[in-house]
Amino acid sequence: MSVLSHDGWEGGHLLIDLAAIAANYTQLQTLVGPRTETGAAVKANAYGLGLSEVAPVLYEAGCRTFFVAHLAEGVALRSLISRDSRIFVLHGPPPGTAPAFLAHNLLPVLNSLPQVQEWQALARDQNTTLPAALQVDSGMSRFGLSEDEVTGLSKGSGLEGLKIVLVMSHLACADTPEHPLNRQQRDSFERTRKRLPAAPASLSASSGIFLGPEWRFDLIRPGAALYGINPTPGRPNPMQATIRLQARVIQTRHIPAGACAGYGAAFVAPSPTDIALLGIGYGDGFPRRLGERGVVVLPERPDIKLPIIGRISMDSLAVDITALAGLPLAPGVAFDLIGPHNPLDETAFLADTIGYELLTDLGSRYHRTHHDPRKG
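Keep in mind that this is a model prediction, so the values were computed, not measured. (Residues numbered from 1 in each chain as written. Predicted model: local features only at pLDDT ≥ 70, side-chain atom pairs only at ≥ 80, totals over all residues. Heavy atoms only, no water.)

1. Quick word on the environment of R311
Here R311 lies in the loop between β16 (306-309) and β17 (317-320). For R311, a relative accessible area of 39% puts it in the partly exposed group. On a C-alpha basis, the gap between R311 and G262 in space is 6.0 Å, while along the polypeptide they are 49 residues apart. Excluding anything up to four places from it in sequence, R311 contacts Y263, G264, A266 and R288. (Helix = DSSP H or I, 4+ residues; strand = E, 2+ residues; numbered from the N terminus. Buried < 20%, exposed > 50% of the residue type's maximum accessible area, 1.4 Å probe, protein only. Contact = heavy atoms within 4.5 Å.)

Structure, rendered in structure tokens:
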């Protein structure tokens, strides 16, 4: 077994497959067909994978509608993609920021009456009609206008100064297809949007897309599915994996039966045990909850899943490598913490979390390689 050469990373390496992200986008667009547009959620630094690298790839794949959470994210995104793209800011305009939306060609998602009024005030100041998305609450009780608020706006001059370019809502239980709230929210969304001027509609993010055509409307807003998270929990993942997370061996050691390893003596060796210490920990955003739960894989022996033992430290974790039967592991050898044989969603499950959290928590200390096999 050869030791990997020192190629710019020491503790953890996050390999991001940009071609897989593009392929996932194309797959979703093919699934929904030409009458439904496929947008892309790139909030939270493109779910932790790098906005500046991911957004242009999605644009090249044909995406022209993007969603971010905050104004600052929208400003950053606008510097990366052409002005022929639409950028919706999901949280709408914070008080006093409406002019910045115009300056950077950003579209607010109006979630409340104060936000509607703020955007209308700018329209009056500009003596024009301003485009915006309107979010309605269809039953999640998170963001959006209530049915009563929509009814009030639809009367008289309640929408004066606004050009509604998208009416949207969000599903609470789309990852549970049989949940009755999915149908209830769809019906509520249909009922509410009929009270508004005719405009394109959007209800589904990643999991909602797979509920069927009735939930897709004019625009879908995938995020997680683009980045390889399974949008159909409990079924085979229809999306391509987009990341591989590796960590190098710092040291190996042999401990006798009864010896403990790590903080709190959480692991006590039941028999003589070989251990490898890897240079990655919760300081890198790798979940501390994976101590005594998670597994790693040596790429040369993908048939063996090696348990993480003891508590995960800030900068390191310990792995029981006894099953490798004395295979020599020199410092610098790399293990997969997330990869072909330990997928993202399985790792998240072992950490008692979801793939979304695991991705967005991946820290800045990783050496990141954005690879696009299409470009060599």
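After that view, the rundown keeps rolling.
2. Here's the deal with unusual backbone geometry
Backbone geometry places Y47, a non-glycine residue, at a positive phi of 55 degrees. Relative to the helices and strands, Y47 resides in helix α2 (residues 43-47). Even without being a glycine, A265 presents a positive backbone phi close to 50 degrees. On the accessibility criterion, A265 (37% relative accessible area) is partly exposed.

3. Focus on helix α1 (residues 18-32)
Counted at 1.5 Å a residue, the expected span for α1 with its 15 residues is 21 Å, and the 22 Å between its end C-alpha atoms agrees. By the burial criterion, the buried members of α1 are L18, A19, A20, I21, A22, N24, Y25, L28 and V32. Buried residues along α1 sit in contact with β1 (12-17), β2 (37-38), α3 (51-60), α9 (206-209), β10 (219-220) and β19 (367-371). N-capping of α1 is provided by D17, with a side-chain oxygen placed 3.1 Å from the backbone N of A19. Positive phi shows up at G33, right after α1, with a value of about 85 degrees. (Expected span 1.5 Å × (residues − 1). Polar contact = N/O pair within 3.5 Å; in protein donor to acceptor, adjacent residues only side chain to side chain.)

4. Concerning the domain arrangement of the protein
Domain annotation for the protein reports domain 1 (18-227) and domain 2 (243-342). Centre-to-centre separation of domain 1 and domain 2, based on C-alpha positions: 42 Å. (Domains from an automatic or database assignment.)

5. A few points about the sheet that holds strand β7 (residues 130-135)
Overall, parallel pairing links the seven strands, which are arranged β3-β4-β5-β6-β7-β8-β9 in an open sheet. Sheet topology places β3 (40-41) and β9 (201-202) at the edges, where each strand pairs with a single neighbour. Taken together, the two bridges between strand β6 (residues 107-110) and β7 define a ladder with parallel strand orientation. Bridging across to β7, V109 finds its partner in A133. The sheet strands contacting helix α6 (residues 113-126) are β6, β7 and β8 (162-168), and the helix crosses β7 at an angle near 175 degrees. (Pairing = 2+ DSSP bridges. Axes fitted to C-alpha atoms, helices over the stretch in contact; angles between N-to-C directions.)

6. Things to note about helix α8 (residues 180-193)
Here α8 is 14 residues long and its end C-alpha atoms lie 20 Å apart, about the 20 Å a rise of 1.5 Å per residue gives. Looking at the buried positions of α8, the neighbouring elements they touch are α7 (147-153), β8 and β9.

7. Notes on the UniProt feature "modified residue: N6-(pyridoxal phosphate)lysine" (unreviewed entry) in the protein
According to UniProt, the feature "modified residue: N6-(pyridoxal phosphate)lysine" (unreviewed entry) maps to K43 in the numbering used here. Inspection of the secondary structure puts K43 in helix α2. The class of K43 is partly exposed, set by a relative accessible area of 29%. The residues touching K43, leaving out its near neighbours within four places in the chain, are F67, V68, A69, E73 and L90. (UniProt positions renumbered as here; feature names shortened; annotations may be inferred.)

8. Overview of the pairing of strand β14 (residues 273-278)
As paired elements, strand β11 (residues 243-255) and β14 share six bridges and run antiparallel to each other. Bridged to H254 within β14 is D274.

9. So, the UniProt feature "binding site: substrate" (unreviewed entry) in the protein
In the numbering used here, UniProt assigns the feature "binding site: substrate" (unreviewed entry) to R142 and M314. The largest pairwise C-alpha distance within this set of annotated residues, which runs over 173 residues, is 34.5 Å, so the set is dispersed in three dimensions. One can find R142 in the loop between β7 and α7. With sequence-adjacent residues up to four places away left out, R142 is seen in contact with D137 and H170. As for its placement among the helices and strands, M314 is situated in the loop between β16 and β17.

10. Some words on the pattern of salt bridges
Enumeration over the complete set of coordinates arrives at 13 salt bridges. A salt bridge links D84 to R64, with the shortest nitrogen-to-oxygen separation between them at 3.8 Å. On the criterion of sequence distance, the pair formed by D84 in the loop between α4 (71-78) and β5 (86-89) and R64 in the loop between α3 and β4 (65-68) is long-range, its members being 20 residues apart. The exposure class assigned to D84 is partly exposed, which follows from its relative accessible area of 47%. Taking relative accessible area as the criterion, R64 reaches 29% and is therefore assigned partly exposed. In this structure, R186 and E190 form a salt bridge, with 3.3 Å as the shortest nitrogen-oxygen distance. On the criterion of helical spacing, the pair formed by R186 and E190 is a turn pair, its members being four residues apart in helix α8. Taken individually, R186 and E190 each receive the classification buried, so the pair is uniform in this respect. (Salt bridge = Lys/Arg side-chain N within 4 Å of Asp/Glu carboxyl O.)

11. Details of the packing of aromatic side chains
If you walk through the whole model with that rule in mind, you get five aromatic pairs. Both rings, one in F189 and one in F217, keep their centres 5.2 Å apart while their planes meet at 90 degrees; by these two values the pair is edge-to-face. Here F189 is found in helix α8, whereas its partner F217 is found in the loop between α9 and β10, with 28 residues between them in sequence. Take F189: its relative accessible area is 0%, and that puts it in the buried class. Relative accessible area serves as the criterion here: at 16%, F217 is assigned to the buried category. Among the aromatic residues, ring-to-ring pairing joins Y47, Y227 and Y356 into one connected group. The ring of Y59 has R64 sitting right over it, with the charged end atom 3.6 Å from the ring centre. (Phe/Tyr/Trp six-rings, centres within 6.5 Å; stacked < 30°, edge-to-face > 60°. Lys NZ or Arg CZ within 6 Å of the ring centre and 35° of its normal.)

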